[in-house]
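Reading the structure
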Amino acid sequence: APAVLALNGSLLVGVAALAGAISLALFGFVYFMLTRPVVRLAKALVKARDGKPISGKQEVIRELQMLHDAATALGSAHRELETTRAQLEQLAHTDVLTGLANRRMFEQQGERAFLHARRYGEALTVIAFDIDHFKRVNDAFGHEGGDAVLRALSTYLREAVRAAEHPVARVGGEEFALLLTHVSLEDAILTAERLRKGIETLAVAMPNGASLHLTVSMGVAQCRDADSNLSALMRRADMALYRAKENGRNRIEQAG
């Protein structure tokens, strides 16, 4: 515990020192590149207004150039910050391995869709599914083989699902979820069956050159009055998924 406290203390000191250095650098930039030139230009303008000669005209021109350069630098820095912010936001919502949305993004989109469906009385369905016997893949081919399976499945899902309309995400290790809006329960089950059959035909190349075929188990749950939020709907889909596994895998079960 003392070692942890000492480490935390060192980190705090380091962060404070870094913050101080950044503040000092920012102060220097603002003063030398903006404040000082503006003050000198203001004095020159006052002299010109009063009809007094302006001394050091070259200096004034140089200050104007400094202001121009500072404005250009600030504009460039702002654009870089916006680009970085957008990239960080994308990373925060994306599963790095598969490129699909992550659980956080799925829940954000799903909660908005849930509230909208409740307000307007529209259909909302969650399809939860995971890869059958995924542990066997890792045991036989290592994590490299497991990653290949996850990427192959994700590529198929991106091609098979219009993600802009129906968000699909990796929500766990080998667990995925699909959100269907404005779709009847019958059509949702047909969609799940289409995906299940499509996944069953995939042939994934393993690190040793072997070809592996996948199957998934699926649970389908459509929103009902008893569901208080998205989490309740997802729990029902998960329960149906577990029932599909208990009943033999590579099948679809509908939530009660």
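What counts as what
The residue count restarts for each chain, going from 1 along the sequence in the order it is written. Under the rules for a predicted model, residues below a pLDDT of 70 receive no local features and side-chain atom pairs below 80 are neither given nor counted, while totals for whole chains, interfaces and linings still include all residues. Hydrogens are left out, water is left out, and the side-chain values use all remaining heavy atoms of the structure. pLDDT runs from 0 to 100 and stands for how confident the predictor is about each residue. Any two residues whose heavy atoms approach within 4.5 Å are treated as being in contact. If DSSP finds at least two bridges between two strands, the strands pair. Strands are runs of DSSP state E lasting at least 2 residues, helices are runs of H or I lasting at least 4, and numbering of each runs from the N terminus. Geometry is summarised by axes, namely lines fitted to C-alpha atoms with helices restricted to the contacting stretch, and by angles between N-to-C directions that run from 0 to 180 degrees. For this analysis, a ring pair means two rings from Phe, Tyr or Trp (six-membered ring only for Trp) whose centres lie within 6.5 Å, classed as stacked if their planes differ by under 30 degrees, edge-to-face if by over 60, and tilted for the remaining angles. Partly exposed residues are those whose accessible area sits between 20% and 50% of the maximum for their type, while under 20% is buried and over 50% is exposed, using a 1.4 Å probe and protein chains only.

Details of the confidence of the model for the protein chain
Scored by pLDDT, the protein chain has a mean of 82; 66% of the residues are at 70 or more. Note on residues 1–9: pLDDT under 50 across the span, and zero contacts to partners over four residues away in sequence or across chains.

A few points about the sheet that holds strand β1 (residues 124–131)
Sheets are built from strands that pair by backbone hydrogen bonding, the pairs being arranged parallel or antiparallel. Here we have five strands laid out as an open sheet, ordered β2-β3-β1-β6-β7, and mixed in their pairing. Each edge of the open sheet carries a strand with a single partner, namely β2 (168–170) and β7 (252–254). Here the average twist between neighbouring strands, direction ignored, is 20°. In the sheet, strand β6 (residues 216–222) pairs with β7 via three bridges, with the strands oriented parallel. Bridging across to β7, Gly219 finds its partner in Glu253. Against the sheet, helix α3 (residues 103–120) touches β1, β2 and β3 (175–181), its axis set at about 25° to β3.

Considerations on the packing of aromatic side chains
Going through the model one piece at a time under the given rule, you end up with one aromatic pair. Each ring, one from Phe129 and one from Phe176, has its centre 5.8 Å from the other, and the planes form 15°; the classification is stacked. With Phe129 in strand β1 and Phe176 in strand β3, this pair connects stretches of sequence that are 47 residues apart. Owing to a relative accessible area of 1%, Phe176 belongs among the buried residues under this scheme.

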